[in-house]
Amino acid sequence: MSTQLEIAMDTRIKIFHRYSYKEGGKFKLNKGELKLLLQRELTDFLSCQKDPQLVDETMQDLDANKNKEVDFNEFVVMVAALTVACNDYFVEQLKKKGK
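The following refers to the structure shown.

About the cut-offs
- Sequence order as written defines residue numbering, which begins from 1 separately in each chain.
- Note on the predicted model: pLDDT of at least 70 is required for a residue's local features to be given, and 80 or more for side-chain atom pairs to be given and counted; whole-chain, interface and lining totals, by contrast, use all residues.
- Side-chain numbers come from the whole structure's heavy atoms, not from hydrogens or water.
- The helix and strand labels rest on DSSP assignments: H or I over at least four residues marks a helix, E over at least two residues marks a strand, and numbering proceeds from the N terminus.
- With a 1.4 Å probe rolled over the protein chains alone, any residue whose accessible area is under 20% of its type maximum counts as buried; one over 50% counts as exposed, and the rest are partly exposed.
- The convention is simple: Lys and Arg are positive, Asp and Glu are negative, and His and the chain ends are not counted.
- Within this document, salt bridges are pairs made up of a side-chain nitrogen of Lys or Arg and a carboxyl oxygen of Asp or Glu, the two lying within 4 Å of each other.
- N or O atoms closer than or at 3.5 Å make up a polar contact, with two conditions inside protein: a donor-capable atom paired with an acceptor-capable one, and, for residues adjacent in sequence, both atoms drawn from side chains.
- Here, two residues are considered to be in contact whenever any of their heavy atoms come within 4.5 Å of each other.
- Here, expected helix span is obtained from the residue count minus one, scaled by 1.5 Å.
- The directions from the helix axis to the C-beta atoms form the arc being described.
- Axes here mean lines fitted to C-alpha atoms, for a helix over just the part in contact, with angles spanning 0 to 180 degrees between N-to-C directions.
- Just so you know how the angles are binned, under 35 degrees is roughly parallel, over 145 roughly antiparallel, 65 to 115 roughly perpendicular, and the rest oblique.
- It is the rotation of the near helix from the far one that decides the hand of a crossing: anticlockwise by less than a right angle makes it left-handed, clockwise makes it right-handed.
- Basically, the charged four are Asp, Glu, Lys and Arg, the nonpolar ten are Ala, Val, Leu, Ile, Met, Phe, Trp, Tyr, Cys and Pro, and anything else, Gly included, counts as polar.

## Here we look at the side chain of Glu74
The residue Glu74 is located in helix H5 (residues 72-96) in this model. No salt bridge is formed by the buried Glu74; the nearest opposite charge belongs to Lys28, separated by 7.1 Å. At 2.8 Å, the side chain of Glu74 and the backbone nitrogen of Asp71 are in polar contact. Not counting residues up to four positions away in its chain, the partners in contact with Glu74 are Leu62, Asp63, Ala64, Asn65 and Glu69.

Set out below in structure tokens:
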């Protein structure tokens, strides 16, 4: 039986490949695939974002090797950064409540 962490890791891998297989390189996300992934998989996080350049800026930030594609390693960096930001927010909220 898989642990929650193993399931989370498996889910991350499956989500990346679900979108990376749509166009072009099968193991990388192009701008369109990244946009679709962000819109469908991070709906709550993006609902407060009104920046029309968000996808372009995210692509530039993630694309460490500047090949106009996001590979799995670059994708994992994004997920990790969002996870850290969420944790920081929740910790701050708990501190405000005195817990």
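What follows continues from the structure just given.
## Points about the pattern of salt bridges
Inspection of the entire model under this criterion finds two salt bridges. In this structure, the salt-bridge partner of Asp10 is Lys14, at a minimum N-O distance of 2.9 Å. Pair noted here: Asp10 and Lys14 are both in helix H1 (residues 4-20), with a separation of four residues, about one helical turn. A residue is classified by how much of its surface remains accessible, and Asp10, at 35% relative accessible area, is partly exposed. We note a salt bridge from Arg18 to Glu41, for which the minimum N-O separation is 3.3 Å. Of this pair, Arg18 sits in helix H1 while Glu41 sits in helix H2 (residues 31-41), and the two are 23 residues apart along the sequence. With relative accessibility at 46%, the residue Arg18 sits in the partly exposed group.

## A few points about H1
For H1, with 17 residues, the first-to-last C-alpha span of 24 Å sits near the 24 Å given by 1.5 Å per residue. Within H1, the full set of buried residues consists of Ile15, Phe16, Tyr19 and Ser20. Buried residues of H1, viewed axially, fall in a sector of 125°; they line one side. On its buried side, H1 packs onto strand E1 (28-29), H2, strand E2 (70-71) and H5.

## Observations regarding unusual backbone geometry
In this model, Lys68 sits at a positive phi of 65°, which is unusual for a non-glycine residue. Residue classification places Lys68 among the exposed residues on the basis of a relative accessible area of 67%.

## A look at the packing of H1 against H5
Taken N-terminus to C-terminus, the directions of H1 and H5 make an angle of 125°; their axes are 11 Å apart at the nearest point. The pairing of H1 with H5 is recorded here as oblique in orientation. In this structure, H1 meets H5 at a crossing whose hand is right-handed. Taking contact as the criterion, the partners of Arg12, Ile13 and Phe16 in H1 are, on H5, Phe72, Phe75, Val76 and Val79. Split by residue class, the contact of H1 with H5 holds six nonpolar, no polar and one charged.

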